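Architecture and fold: a report
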Amino acid sequence: MSGKFGLVNYSSRKHISISVPSSTEVMSPHIKSVEELRVLGINLTSFNTPTQFFICVAGVFLFYLIYGYLQELIFSVEGFRPFGWYLTLVQFGFYSLFGLVELQLTQDKRRRIPWKTYMIIAFLTVGTMGLSNTSLGYLNYPTQVIFKCCKLIPVMIGGVFIQGKRYNVADVSAALCMSLGLVWFTLADSKIAPNFNVTGVLLISMALCADAAIGNVQEKAMKLHNGTNSEMVLYSYSIGFVYILFGLLSVGGIGPAVSFCSQHPMTTYGYAFFFSLTGYFGISFVLALIKLFGALVAVTVTTGRKAMTIVLSFMFFSKPFTFQYLWGGSLVVFGIFLNVYSKNSDKMKLPSLEELRKRVLSGRKVRLLSQDV
C-alpha cells in the first residue's frame, strides 16, 4: 500500500483498502460498503446502528403485514387457488418494473453482481415465492405462515454449507423448538382444516429450502460485490420473470389464468398490484437488514412479523381454531426468543447453565456453613 490511500493488489482478497472503489474496482469482501445505503429515499448510513435497525424492522413489519393480508385476500377469491404460479408471474413483473424505476432514480446504475450469481438468485427466488404462493391452494394460511416462521432451520443449514458458519447451543435449541412447534401446528391443521393437503406441506417445505439458500447467497453476493438493493431486486426478479413465463408457457398455464383474471380484474390484478407494491417495499427493507446485520438477523425479524400475521389472519378471516395451534405456535415463539437471545447474549446477560450450577453449589455451601456455625 502506497501514498495516502494506497494501491491494492486485488488478486488477493486478504488486503484491506480504505479507498472508495472506482467503476472498475471490486470491494473486498472483508470491508462493508462505504457508500450510502438508501431505502425508499431514506439514507440509512446517516443514522447510528440502533436507529438503522429500528427503521428496517418498522419497514418490514408495516409493509409485510399489509402484504400478508392482501395475499390471503387474493386467495380467498373463489376459483383463484389453482393460479398461484400466475400470481407469482404478475408479482415478479411488478417487482421488475419497480426495481427499474428505482434504479433510474439513483446516480449509480452499474451492475456489480455477476450474471451467473443473479441467475442462481433468480432461480431460488422463483422457488421461494412460487412454491409459497402455490402452497396456499392446499394449506390453511396460518399453517403456511408457521412453516415460513421456521425458516431459521434451513437458513442455519444453508449458512453451514454455503458460508461455513457455526452455531451455538442456543441456536440449535431454537431450531429444535421451532421444529417441534411446527409438527404440533401441522398435526392440528390436518385434523380441523377443510383444505389441508400433504401436497401443500411438500410445496412449502421446498420453498423453505430455497429460502434458506437465498438469504445466504444474497448476503454473500451483496458484501462481496457491494451490490445495491435496487440492483438486486431488478435483476433477480426480471430473470425470475423469464423463468416463470417459460415454465407456464410450456405447461399451458397462461391461458386459463388470464381468462379467469380478466373476469375479475379488480380482485386479481388490482389486489396483485398493491400486494406487489407492499412486497417490494418490504423486500427493500429486508435486503437492507441482510446487508447491515446479516441473513440470520433478517430471518429473525421476518419470523416475528409472520407470527403477528398469524394472529391477524385469525382476526380478519374466519377459519377453524384449536388450542393446539396456540401450543405449537408458542413453541415456535420460544424458539424465536432463543435465537434472539443467542444474537444478543452480551446485552441480555442471562445466566448460563454453568453459572446456574455454580450458584446452586454456592448456595448449598453457604447453607452448610451456616449449619456448622
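Residues numbered from 1 in each chain as written. Predicted model: local features only at pLDDT ≥ 70, side-chain atom pairs only at ≥ 80, totals over all residues. Heavy atoms only, no water.

**Describing a nonpolar patch on the surface**
Here is the rule: Distance thresholds for patches are 9 Å for like charges and 5 Å for nonpolar side chains (Val, Leu, Ile, Met, Phe, Trp, Tyr), applied to residues having over 30% relative accessible area and no salt bridge. Methods summary: accessible areas were calculated by the Shrake-Rupley approach with a probe of 1.4 Å, and residue burial reflects only the protein chains presented. Throughout this description, the term salt bridge denotes a Lys or Arg side-chain nitrogen within 4 Å of a carboxyl oxygen of Asp or Glu. Secondary structure elements are defined from DSSP: runs of H or I of at least 4 residues count as helices, runs of E of at least 2 residues count as strands, and each element is numbered from the N terminus. The rule is simple: take the accessible area with a 1.4 Å probe, protein chains only, and divide by the maximum for that residue type; under 20% is buried, over 50% is exposed, in between is partly exposed.
A cluster of nonpolar side chains, Tyr-69, Val-311, Met-315 and Phe-316, forms an exposed patch at the surface whose accessible area comes to about 440 Å². Among the elements that take part in the nonpolar patch, helix H11 (residues 295-316) stands out by supplying three residues, more than any other. Of note, Phe-316 is situated in helix H11. Residue classification places Phe-316 among the exposed residues on the basis of a relative accessible area of 54%.

**Some remarks on the confidence of the model for the protein chain**
The following threshold applies: pLDDT is a per-residue confidence score from the predictor, ranging from 0 to 100. In this analysis, two residues are considered to be in contact whenever any of their non-hydrogen atoms come within 4.5 Å of each other.
With 72% of its residues at a pLDDT of 70 or more, the protein chain has an overall mean of 74. Mean pLDDT in the protein chain bottoms out at helix H13 (residues 345-348), which sits at 54, and peaks at helix H9 (residues 254-263), which reaches 90. Between residues 1-34, whose pLDDT stays under 50, and residues either more than four places distant or in other chains, the model counts 45 contacts.

**A short note on the side chain of Thr-134**
Rules: Two N or O atoms form a polar contact when they lie within 3.5 Å of each other; inside protein one atom must be a possible hydrogen donor and the other a possible acceptor, and for residues adjacent in sequence the pair counts only when both atoms belong to side chains.
Tracing the sequence through the fold places Thr-134 in helix H3 (residues 115-135). Taking relative accessible area as the criterion, Thr-134 reaches 13% and is therefore assigned buried. Polar contacts involving the side chain of Thr-134 include one to the side chain of Trp-85, which spans 3.3 Å. Beyond its immediate chain neighbours, meaning those up to four positions away, Thr-134 contacts Gly-84, Trp-85 and Leu-203.

**Notes on the nonpolar core**
Spelled out, the test is: As used here, the term nonpolar core means buried Ala, Val, Leu, Ile, Met, Phe, Trp, Tyr and Cys residues forming a set that is joined through side-chain atoms within 4.5 Å.
Phe-80 and Tyr-86 are the most contacted members of the largest nonpolar core, which has 83 residues in total. Each residue touching Phe-80, except ones within four places of it in the same chain, is listed here: Ile-74, Phe-75, Leu-87, Phe-260, Cys-261 and Thr-268.

**Section: helix H8 (residues 229-251)**
Heads up, the rule is: An expected span of 1.5 Å times one less than the residue number is assigned to each helix.
Under the 1.5 Å per step criterion, the end-to-end length of H8 is 33 Å for 23 residues, consistent within 8% with the ideal 33 Å. The positive-phi residue at the C-terminal boundary of H8 is Gly-252, with phi of around 70 degrees.

**Structural notes on the packing of aromatic side chains**
Put simply, the rule is: Pairs were defined over the aromatic rings of Phe, Tyr and Trp, the Trp ring being its six-membered one, requiring ring centres within 6.5 Å. Orientation was assigned from the angle between planes: stacked under 30 degrees, edge-to-face over 60, tilted for the rest.
For the structure shown, the criterion picks out 21 aromatic pairs. On the numbers, 6.4 Å between centres and 75 degrees between planes, the contact of Tyr-86 with Tyr-269 is edge-to-face. Of this pair, Tyr-86 sits in helix H2 (residues 84-104) while Tyr-269 sits in helix H10 (residues 265-293), placing them 183 residues apart in sequence. Take Tyr-86: its relative accessible area is 9%, and that puts it in the buried class.

**Things to note about the side chain of Thr-278**
Within the secondary structure, Thr-278 is located in helix H10. Residue classification places Thr-278 among the buried residues on the basis of a relative accessible area of 9%. Beyond its immediate sequence surroundings of up to four residues, Thr-278 is in contact with Phe-63, Ile-66, Tyr-67 and Leu-70.

**Some words on H10**
Its 29 residues place the ends of H10 40 Å apart at the C-alpha level, agreeing with the 42 Å of an ideal helix rising 1.5 Å per residue. At the C-terminal side of H10, Gly-294 shows a positive phi close to 100 degrees.

**Concerning empty space enclosed by the protein**
To keep it simple, the criterion reads: A cavity here means a set of points on a 1 Å grid, drawn over the protein atoms and nothing else, where a 1.4 Å probe fits but cannot get out; a pocket is an open set with protein on both sides within 12 Å along at least five of seven lines, and a residue lines either one if it has an atom within 4 Å of a point. Grid points are joined across faces, edges and corners, and a volume is the space filled by probe spheres set on the points.
In total, this model carries three cavities of 30 Å³ or more according to the counting rule given. The space that makes up the second largest cavity amounts to roughly 50 Å³. Every residue lining the second largest cavity is listed: Ile-74, Phe-80, Tyr-86, Leu-87, Val-90, Cys-261, Thr-268, Tyr-269 and Ala-272. Mapped by element, the contributors of at least two residues to the lining of the second largest cavity are H2 and H10.

**Structural notes on the environment of Asn-48**
Positionally, Asn-48 belongs in the loop between strand S2 (42-43) and helix H1 (49-75). Reaching out from Asn-48, the side chain makes a polar contact with the side chain of Thr-51 at a distance of 2.6 Å.

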